[in-house]
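Chain by chain, the residues:
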Amino acid sequence: MADSAIRMENVIDVSVDECEMEKTTIAINYNEDDGDSDDSSDEDESGLLTEIEKLEATLQTNPYLYDIHVALIAALKKSGNLEKLRRQREQMSSLFPLTEVLWLDWIRDEMNLSVSDVEKDAVVVLFERAVKDYLSVELWLEYAQFSIGRMGSSGENDICRCREVFERAIVAGGLHVSKGSVLWEAYREFEKAILMTLQPLDSDVTAEREQAISRQCNRILNIFKRQLSVPLLEMEKTYEEFEDWGSVEKRDPNVKFVYNKAHAKLKKITPFEEALFRAEPSTESVYRNYINFEMQEGEPTRIQCLYERAIVDNCLSSLMWEEYVNYLEVQLKISDVILPVYERAVRNCPWSVKLWQGYLRALERYNESSDKVKEVTETALAAGFSSADEFRELWLTYLDFLRRQINWNQDHDEVLELLRRTFEKAHKHLIDGFGLDGDFNCLILQYWARIEAKYCKNMEKAREIWNDILHLGHMQKAQMWLEYSNLEKAFGNAKHVRKLFARAMQSTSDWPESIAEAWLNFERDEGTLEQWEVALSKIKSRMKIIQEKRLQAVEQNATEEEAEKLKKTETVRQNVDGYAKCLGSRSLKRVAMKRKFEDLNEQTAKPNFTTDRDGFKIPRMPNQEIGRASCRERV
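Numbering of residues starts from 1 in each chain and follows the order in which that chain's sequence is written. The predicted origin of the model limits local features to residues at a pLDDT of at least 70 and limits the giving and counting of side-chain atom pairs to 80 or more, whereas totals for whole chains, interfaces and linings rest on all residues. As a convention, hydrogens and water are excluded, and side-chain values are obtained from all of the structure's heavy atoms.

### So, the pattern of salt bridges
No. 1: In what follows, salt bridge is the name for a side-chain nitrogen of Lys or Arg lying within 4 Å of a carboxyl oxygen of Asp or Glu. One pass over the full model with this rule turns up 37 salt bridges.
No. 2: Where Arg-168 meets Glu-128, a salt bridge forms, and the shortest distance between an N and an O atom there is 2.7 Å. On the criterion of sequence distance, the pair formed by Arg-168 in helix α8 (residues 156-173) and Glu-128 in helix α6 (residues 117-133) is long-range, its members being 40 residues apart.
No. 3: In this structure, the salt-bridge partner of Glu-241 is Arg-188, at a minimum N-O distance of 2.8 Å. Of this pair, Glu-241 sits in helix α11 (residues 235-244) while Arg-188 sits in helix α9 (residues 180-198), and the two are 53 residues apart along the sequence.
No. 4: Partly exposed residues are those whose accessible area sits between 20% and 50% of the maximum for their type, while under 20% is buried and over 50% is exposed, using a 1.4 Å probe and protein chains only. The class for Glu-241 is partly exposed, based on a relative accessible area of 26%.
No. 5: The network of salt bridges with shared partners includes Lys-77, Arg-89, Asp-105 and Asp-109. Secondary structure elements are defined from DSSP: runs of H or I of at least 4 residues count as helices, runs of E of at least 2 residues count as strands, and each element is numbered from the N terminus.

### What to know about the confidence of the model for the protein
No. 1: Every residue carries a pLDDT, the predictor's confidence in it, which falls somewhere between 0 and 100. A residue-level look at the protein finds 80% of positions with pLDDT of 70 or above and a mean pLDDT of 84.
No. 2: Contacts were defined at the residue level, with two residues in contact if any of their heavy atoms lie within 4.5 Å. Predicted confidence for residues 600-606 stays below pLDDT 50, and this span has 0 contacts to residues more than four positions away or in other chains.
No. 3: Ignoring residues within four places in sequence, the model shows residues 608-635, a span with pLDDT below 50, making 14 contacts including any to other chains.

### Some remarks on the packing of aromatic side chains
No. 1: To pair, rings of Phe, Tyr and Trp, with the six-membered ring standing in for Trp, must have centres within 6.5 Å; the planes then decide the type, stacked if under 30 degrees apart, edge-to-face if over 60, and tilted in the middle. In total, this model carries 27 aromatic pairs according to the counting rule given.
No. 2: The interplanar angle of 15° and the centroid separation of 5.0 Å between the aromatic rings of Tyr-307 and Tyr-324 together place this pair among those described as stacked. Placement of the pair is Tyr-307 in helix α14 (residues 300-313) and Tyr-324 in helix α15 (residues 318-332), with a sequence separation of 17 residues. Taken as a pair, Tyr-307 and Tyr-324 share a single burial class, namely buried.
No. 3: In this structure an aromatic cluster arises from ring pairing among Phe-224, Tyr-239, Phe-242, Trp-245 and Tyr-259.

### Concerning unusual backbone geometry
No. 1: In this structure, Cys-442 takes a positive phi of about 55° despite not being glycine.
No. 2: One can find Cys-442 in the loop between α20 (413-434) and α21 (443-454).
No. 3: Its identity as a non-glycine residue notwithstanding, Lys-457 has a phi of 55°, on the positive side.
No. 4: Assignment of secondary structure puts Lys-457 in the loop between α21 and α22 (459-470).
No. 5: The exposure class of Lys-457 is exposed, given its relative accessible area of 66%.

### Observations concerning a negative patch on the surface
No. 1: The patch calculation keeps residues exceeding 30% relative accessible area without a salt bridge and links them within 9 Å when they carry like charges or within 5 Å when they are nonpolar (Val, Leu, Ile, Met, Phe, Trp, Tyr). Residue exposure ignores everything except the shown protein chains as possible cover, and the areas themselves are Shrake-Rupley values with a 1.4 Å probe. We score Asp and Glu as negative and Lys and Arg as positive, and we do not count His or the chain ends. Taken as the charge centre is NZ of Lys, CZ of Arg, CG of Asp or CD of Glu, depending on the residue. Together, Glu-185, Glu-234, Glu-236, Glu-240 and Asp-244 make up a negatively charged patch on the protein surface.
No. 2: In terms of residue count, α11 provides more of the negative patch than any other element does, 3 residues in total.
No. 3: Along the chain, Asp-244 turns up in helix α11.
No. 4: The class for Asp-244 is exposed, based on a relative accessible area of 67%.

### Examining the side chain of Lys-265
No. 1: As for its placement among the helices and strands, Lys-265 is situated in helix α12 (residues 254-278).
No. 2: Judged by relative accessible area, which is 9%, Lys-265 ranks as buried.
No. 3: Within 3.5 Å is the distance limit for a polar contact, defined as a pair of N or O atoms, with the added protein rule that one can donate a hydrogen and the other accept it, and that residues adjacent in sequence qualify only through two side-chain atoms. Looking at Lys-265, its side chain comes within polar contact range of the side chain of Glu-294, at 3.4 Å.
No. 4: Aside from chain neighbours lying at most four places away, what touches Lys-265 is Pro-231, Phe-293, Glu-294, Glu-297, Glu-299 and Arg-302.

### Let's talk about the side chain of Arg-463
No. 1: Along the chain, the position of Arg-463 falls in helix α22.
No. 2: For Arg-463, a relative accessible area of 10% corresponds to the buried category.
No. 3: Setting aside its immediate chain neighbours within four residues, Arg-463 contacts Tyr-484, Glu-488, Gly-492, Asn-493 and His-496.

### Notes on the packing of α12 against helix α13 (residues 284-297)
No. 1: All axes are obtained by fitting lines to C-alpha atoms, using only the stretch in contact for helices, and the reported angles, taken between N-to-C directions, cover 0 to 180 degrees. The interhelical angle for the contact between α12 and α13, taken along N-to-C directions, is 165°, at an axis separation of 9 Å. In this view, α12 runs roughly antiparallel relative to α13, as classed from their interaxial angle. When the axes of α12 and α13 are compared, the crossing they make is left-handed. Within the contact between the two elements, α12 uses Lys-265, Lys-268, Ile-269, Phe-272, Glu-273, Ala-275 and Leu-276 and α13 uses Val-286, Tyr-287, Asn-289, Tyr-290, Phe-293, Glu-294 and Glu-297.
No. 2: Here the term charged refers only to Asp, Glu, Lys and Arg, the term nonpolar to Ala, Val, Leu, Ile, Met, Phe, Trp, Tyr, Cys and Pro, and the term polar to all other amino acids, Gly among them. Taken together, the residues of the contact of α12 with α13 break down into 8 nonpolar, 1 polar and 5 charged. By definition in this entry, angles of less than 35 degrees are roughly parallel, angles greater than 145 are roughly antiparallel, angles of 65 to 115 are roughly perpendicular, and the rest are oblique. Left-handed describes a crossing in which the near helix is turned anticlockwise from the far one by less than a right angle; the clockwise case is right-handed.

### Re α8
No. 1: Helix length check: α8, at 18 residues, gives a terminal C-alpha distance of 25 Å against a target of 26 Å (1.5 Å per residue), a fit within 8%.
No. 2: Of the residues making up α8, those classed as buried are Asp-158, Ile-159, Cys-162, Arg-163, Val-165, Phe-166, Ala-169, Ile-170 and Gly-173. Burial along α8 is one-sided: seen end-on, the buried residues are contained in an arc of 160°. Exposed and oriented more than 90 degrees from the buried face of α8 are Asn-157 and Val-171. Expected helix span is given by 1.5 Å per residue-to-residue step, counting one fewer step than there are residues. In this context, the arc is that of the directions from the helix axis out to the C-beta atoms.

Right under this line is the structure:
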């Protein structure tokens, strides 16, 4: 056993030495690049520095310009300024999810410079961040290879660490039809390398060594079986390799069955994979057709993997993200899966208020802390939506959360005060940003008034809020008065309802009939005959005034329309008179010339037909000279 341990260490040492040699070579290349840069002209260096300063200034003005970040990173890398390059990459990563290319470029740069364990641990942190942004088989493969390169004298602990990375890689990308086989093959090769270290150098094999070899063979067989149960491109070669590997008696007879099943599935999905291959870039419609097929098959893990692939090619499609999270919420309902997807969704599409709303509700559903919900809300407000409606919807979602945090049967003064301050903050934010259009129908203030009336039993505060609403440009709108009256009827008293209806009749101009009808219905339900008659009298008096105003408005409109018509008629008459004067004597001359021409035609014109004795009109033959001339022209 000691011999095998020494051999395992030797294999690992060799791999580490090779890795270090490769890094040394790359480092030398970096130094050569630096030398080339030093040899370059001062003019080129000055131009590069000027470009960097310009890009930095642009980002100072607007830090959300993705392409400028990419250009600045490329320029900083070319300049060789490592510290500024790191800071810029960190800044971009804090604002945007990075693509596979950007992450690999960053990680490989750090890998080339990492020597100590602390530096290598920092690379591992970068890998962990990278694999969270998008599904990338290449990133996972690089991560696994880096983990193998770090294997040293720790022995079994290092092996377990590598296996953990491989297992996570398989979970993330092992179902990727076109690329997943790369991860499986790398995993198998890793385990085969371990098996080689367990092989004895001589014929003296202990029972313990045999058990270790048997366990390792079973581990490899299990990886084969797992891979062959997944429909992957070129899985036929994998099965052939499985047939050639190991002894027949140790094989699981079920492998053939699961392979045939997976191979049949591969035939079904091959047309979809070919459609994705032809679509450059892969469009949403192609992915949706594929996803709909998998939905019918009913395999959640495959559907999730397919959504992840769709997101890579359509990361800016808020609709695709919405469909993805909706599927996870309906089918999986696992917070550790759903919340990270929501976090990625709002990083990719920060302009989508629907994604932010869904994220907030998911945080509440899975009992995340109030501080976390507040933090996400503040981040969403800073994302910069394009309209007041989007800001208002976000505020309403957060207000819903705060209202549901209150247990009205327990002490709730502190939480209620927070809710009230948030109502004020939301209203002020919308008014300051968009004026009265920020919350045109005052939905937030109406919400606040309902809370005060229903839960706090504070009608005085509710009436105060409603007076503010009416004075924000809604005094003449019947619909607002009806909303107010409904709240007063539900939580107030009849005295205030009657005062409210009287004010409404005096103020409303757009639809006073609705106020009159609501008032009379209220008196039918609640009032006496005298109260009903008083209401009717006030309504008639007010409607008389309103009808007179309407009649005056109609007459005024008619007068204005008549005046406009007269004005147009006068304009037309003046134009006609001017035109006639302009014609003047020229018109008379034309008339005389026309009459003279008509007289001449009457004298010289002959009919172009003759009439026979039966009365038929026979066309004259064309002039013979003209006909002959035409023939000569054709020749």
